[in-house]
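Architecture at a glance
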Amino acid sequence: MSLLDITTTKTFNTNELGNDYFVGDIHGQYSLLIEQLKNADFNFKTDRLFAVGDIIDRGSESEKCLELLIEPWFNSVLGNHEQLFLQGFSNASFWKVLVDNGGDWINNWLNNPSKLLAWAHLIRIKMPLSFTVKNNSGTIGVIHADAPANWSELEDLEITEQSVIPLIWYRRNLIEPSGTTINNIDAVVHGHNSLESFAVINNQIWIDTLQKTNALTILQNSEIFDLIKGKN
């Protein structure tokens, strides 16, 4: 299973039936996710949820989080933990890195390679590097780590082992922000950086709060645009 088999980007048209929600790194916390969605009055029939990647590891329900990928209401981009999972099929040392970073659940499935391979195919098919989500107020991009200065660059990105590293691993945009907005997108939602509360810089928002607060940050699209307006 090669990392080069993944998709670069996927675009979602406006949800005319319900609302769009965005959630930070879930990290194996399936039950917590469902609980918080219900508390937010998420409609599992008409609403859509967009996750920023890293849906596996650390928590006790990674398998259930992977099965979320078959749910019509759930969507996630690729995170660095899913990248390591895919790379482990060609080099087992990546699985060791995964296990050392909360991925010990994988040890329970080493004698069931067909199941591991099924999850890998699900990740490859369902978790591209980025989303562009359209709605009546504008467009929201979703990507795990850093974003290119021009969002439209993702459409022509040639996927290589090197080209995906900034998008899955880098923290530059948060730690050393350029002071400019990401072009050709109204807002961009990120995870990857563990925070006490979400952070907003220009038209970018980082929402990975699970590790520091034991709670997921879940924002509606309208909340994202309100936060961005406060920074521009």
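Data block above holds the structure.
Rules and cut-offs
Residues numbered from 1 in each chain as written. Predicted model: local features only at pLDDT ≥ 70, side-chain atom pairs only at ≥ 80, totals over all residues. Heavy atoms only, no water. Helix = DSSP H or I, 4+ residues; strand = E, 2+ residues; numbered from the N terminus. Expected span 1.5 Å × (residues − 1). Contact = heavy atoms within 4.5 Å. Pairing = 2+ DSSP bridges. Axes fitted to C-alpha atoms, helices over the stretch in contact; angles between N-to-C directions. Salt bridge = Lys/Arg side-chain N within 4 Å of Asp/Glu carboxyl O. Buried < 20%, exposed > 50% of the residue type's maximum accessible area, 1.4 Å probe, protein only. Core = buried A, V, L, I, M, F, W, Y, C linked by side-chain atoms within 4.5 Å. Phe/Tyr/Trp six-rings, centres within 6.5 Å; stacked < 30°, edge-to-face > 60°. Parallel < 35°, antiparallel > 145°, perpendicular 65-115°, else oblique. Left-handed = near helix turned anticlockwise from the far one by under 90°. Nonpolar A, V, L, I, M, F, W, Y, C, P; charged D, E, K, R; others polar.

**Some remarks on helix α5 (residues 113-126)**
Given a rise of 1.5 Å per residue, 14 residues ought to cover 20 Å, and the 20 Å separating the end C-alpha atoms of α5 matches this to within 8%. Buried residues along α5 sit against α2 (62-67), α3 (80-87) and α4 (93-100).

**Looking at the sheet that holds strand β3 (residues 48-51)**
In spatial order, the strands read β4-β3-β2-β10; together these four strands make up an open sheet with mixed pairing. What marks the edges here is a single partner per strand, and that holds for β4 (74-76) and β10 (218-220). On average, adjacent strands in this sheet sit at an angle of 25° to one another, irrespective of strand direction. Contacts from helix α9 (residues 221-229) reach β2 (20-23) and β10, with the element oriented near 85° to β10.

**Focus: the pattern of salt bridges**
Tallying each qualifying case throughout the model produces four salt bridges. A salt bridge links R48 to D20; the nearest nitrogen and oxygen atoms lie 2.8 Å apart. Linking R48 in strand β3 with D20 in strand β2, this pair joins segments that are 28 residues apart in sequence. Summarising the burial analysis for this pair, R48 and D20 share the class buried. For R172, the salt bridge identified is with D146, shortest N-O distance 3.5 Å. Of this pair, R172 sits in helix α7 (residues 172-175) while D146 sits in the loop between β6 (138-143) and α6 (165-169), and the two are 26 residues apart along the sequence. A relative accessible area of 42% places R172 in the partly exposed class. Its relative accessible area of 1% is what places D146 among the buried residues.

**A look at the nonpolar core**
L33, L49, I55, F74 and F85 are the most contacted members of the largest nonpolar core, which has 48 residues in total. Only β2, α1 (30-39), β3, α2, α3, α4, α5 and α6 provide two or more residues apiece to this core. With five residues, the single largest contributor to this core is α5. Contact partners of L33, with chain neighbours within four places excluded, come to V23, I26, L49, L68, F74, L216 and I218.

**Topic: the packing of aromatic side chains**
Enumeration according to the criterion identifies 15 aromatic pairs in this entry. Aromatic pair F85 and W95: ring centres 6.3 Å apart, planes at 35°, arrangement tilted. Pair noted here: F85 is in helix α3 and W95 is in helix α4, with a separation of ten residues, a long-range link. Each member of the pair, F85 as well as W95, is classed as buried. Within the aromatic cluster, the residues linked to one another by ring pairs are F85, F89, W95, W105, W109 and W119.

**Considerations on the pairing of strand β5 (residues 130-135)**
Of all six residues making up β5, five are buried, and the element is well covered by its neighbours. For strand β1 (residues 9-12) and β5, the ladder comprises four bridges, and the chain directions are parallel. Within the sheet, the bridge partner assigned to T9 lies in β5 and is S130. Note that β5 and β6 share six bridges and pair antiparallel. Looking at the pairing, T132 lines up with G141 of β6. Linking two consecutive strands that pair antiparallel, namely β5 and β6, is a turn of two residues.

**Let's talk about the packing of α3 against α5**
Two elements in contact, α3 and α5, have axes whose closest approach is 10 Å; the angle formed by their N-to-C orientations is 130°. Judged on the interaxial angle alone, α5 and α3 are oblique. As α3 runs across α5, the sense of the crossing is left-handed. Counted together, E82, F85 and L86 of α3 and L116, W119, A120 and I123 of α5 form the full contact between these two elements. Across the contact of α3 with α5, the residue classes break down as six nonpolar, no polar and one charged.

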